[in-house]
Amino acid sequence: MVATFLASTPLLSESWRLCSLANTRAPMSFVTDLIGDVVYVAFSGIQIGGGGPSSTLSEPSCRGLVELQSSVGIDGLFSPLLSSLNEGEEAVMVHGELLSLFLSVFGCQTFRDQVSGVLKNSKSIVFTGHSLGGTIASLSALWLLSYLHSTPSSTSVLCLTFGSPLLGNESLSRAILRLRWGGNFCHVVSKHDLMPRLLFAPLAPITSQLEFLLQHWRLSMASSSSSTPQVIGKPVLQLTDEMKAQFFGYVMACLEVSSQLAVEEARMDVFWPFGNYLFCSEEGGICLENAVSVNKMMHLMLVSGSDLDKCVDDHLRYGDYIGNFSSQFLKKRSFIHGGSVPCSSYETGVALALQSSGINYQESVSIPAKECLKMARRLGRTPSLNAANMAISLSKITPYRAEIEWYKKSCDESDDQMGYYDSFKQSGPSRRAHKVNMNRHKLACFWNNLIDMFENNHLPYDFHKRAKWVNASLFYKLLVEPLDIAEYYRSGMHKIKGHYLNHGRERRYQIFDKWWSERPSKGEENTKRSKFAGLTQDSLFWAKLEEARECLANVRSENDAKKLEWLWNNINDFERYASVLVEKKEVSEDVLAKNSSYTLWVEELRELKSQMQQIRPRFPTFADGKIFP
């Protein structure tokens, strides 16, 4: 879909035109243009790191990666990326010198002013860049998406790069996917271009060759006034044939190992792709979004490019490839290769994709390339299939939920009049309580597994916005979290870890809160109730009550005036909060049961206030839970 969209619009051609303009007229800077209602910001591919011409890419220490969070000058520019990580995951890291290039641009007041103008006057912005300029475009897009993440805006952001090197580690890629930003990025990579593939290899052993290569590219980009640099075809500066062979062989060997490990999921790569990758050749182009498939295709398309001069020149020929891609999009193709005709529409699609990649059927690499394309298709369909399977699994766990609902009803109708929460909290060893507890754990396993799949992008990108799952997760939370709270306090965990609200709540409930708050709005909803809710609408009600109970118990023995004031403030806050819920009928009837914890707490509070009124002449400092001078 991305390839179809780009081929049918002027986005690619206009982006490349401006990238070429930035290369020749604004080295180490950027140019902007307004075309229709779309603003383009194009960054020059001519960039030099602070340590010299080759320092931008060739740091030997961890290939130049730095933690995004601890980098100087960041100051919350990428907060959503950092907050999307789970505990224990590797930090989000980007190439340090490439980050410095972005910060030098971001520090320019002109850049910030122009982006601010876009947000006020335009609905769309395209960041684009060639070569190293592509990484600045990517970081600029990530910065703006991070800013818009917490700011209501209808501005659409797209990033198009040409021959851009990799930017960060797998944690960066994972964070972008979790935030559903992958579709905002498209990286155009030509068949033999070395630049996008360089950082799959440690560059320290080839620093001297890389120095000459980068110098050649910079001179070529700067001297051109057209889409195809005039110096294409000239030898790479000061590189002998032996040096060329060593350079190409080293990069190819590292890329082959990297692609194989990626398929086997034994990943050792420091850098990792993100977003969509549009691989282009003289025959057209193919678009992949799965990082493993991108990694594999990087290697397979380069295998046929054994001539280093050709691989070097490919970094400068994106204007030609873009023109071919757009024209080939509507060109009639032949599916007959070597006398065989594809036996299905699926095989026909694979054949067309292979042809568009520029890989000939007679080449030995065509077989693994076909398998890579098939793998990409399978991986692309997997999220939807997983979502269907999870729907089936949800129906299978419905009996567990139904048994808990039946347990709640029996507790609410019990003669002891304690209600759902207190009946479970005070229940002794019994077959019924044991079964409810087992069902509680089974449901937790299901939802934890679903969240794990969602966060690892094994489910559709909009899964968390689908009404079926938003509503199902809410019902589960309202039904089961009171039992989790009851178990937490029954087992005395609050004495070991602290109260449930801050120290005991499972992460899944926080995620479900976020899903519910971000659900698509359907206008103003009528929340007025004529009867009490079937389930208390705040699943944390009982946890808040437990803290209020402790405050009420402590207030009787506390002598310190400041602590007493704090205790009474907490008590009064909870009393007001609970009264509002009851008044709006947003609590279940079990909350108001005769012997429920809440009812007993209200009676105890009333009795304490009555006693304080009686002893006020003896202690004039306190009255009605308030402190008077």
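Located above this text is the structure these notes cover.
Reference entry: report on the structure contained in this document. (Residues numbered from 1 in each chain as written. Predicted model: local features only at pLDDT ≥ 70, side-chain atom pairs only at ≥ 80, totals over all residues. Heavy atoms only, no water.)

A look at the overall build of the protein chain
In step 1: The helix and strand inventory of the protein chain stands at 23 helices and 11 strands.
In step 2: Taking all 629 residues of the protein chain together, 52% fall into the buried category.
In step 3: When contacts within the protein chain are restricted to residue pairs at least 6 apart in sequence, those whose partners lie at least 24 apart make up 76%.
In step 4: For the protein chain, the exposed surface amounts to about 29,400 Å²; the carbon and sulfur share of it is 52%. (Helix = DSSP H or I, 4+ residues; strand = E, 2+ residues; numbered from the N terminus. Buried < 20%, exposed > 50% of the residue type's maximum accessible area, 1.4 Å probe, protein only. Contact = heavy atoms within 4.5 Å. Areas by Shrake-Rupley, 256 points an atom, 1.4 Å probe, with all protein chains shown as cover.)

Thoughts on the pairing of strand 9 (residues 284–288)
In step 1: Within strand 9, 4 of the 5 residues are buried, leaving the element largely enclosed by the surrounding structure.
In step 2: Taken together, the 5 bridges between strand 8 (residues 276–281) and strand 9 define a ladder with antiparallel strand orientation. In the strand pairing of strand 9, Cys-280 is matched with Gly-285.
In step 3: Counting the residues between successive antiparallel strands, the hairpin from strand 8 to strand 9 contains 2 residues. (Pairing = 2+ DSSP bridges.)

Details of unusual backbone geometry
In step 1: For Ser-131, which is not glycine, the phi dihedral falls at a positive 60 degrees.
In step 2: Within the secondary structure, Ser-131 is located in the loop between strand 5 (124–130) and helix 6 (132–149).
In step 3: At Gln-417, a position not held by glycine, the phi torsion is positive, near 55 degrees.
In step 4: Since its relative accessible area comes to 37%, Gln-417 is described here as partly exposed.

Some remarks on the pairing of strand 1 (residues 30–35)
Where a strand is regular, its side chains alternate between the two sheet faces.
In step 1: By the bridge criterion, 6 bridges tie strand 1 to strand 2 (residues 38–43) in an arrangement that is antiparallel. Note on strand 2: the bridge partner recorded for Asp-33 is Tyr-40.
In step 2: Between the antiparallel neighbours strand 1 and strand 2 lie 2 residues, among them Gly-36 with a positive phi of about 70 degrees.

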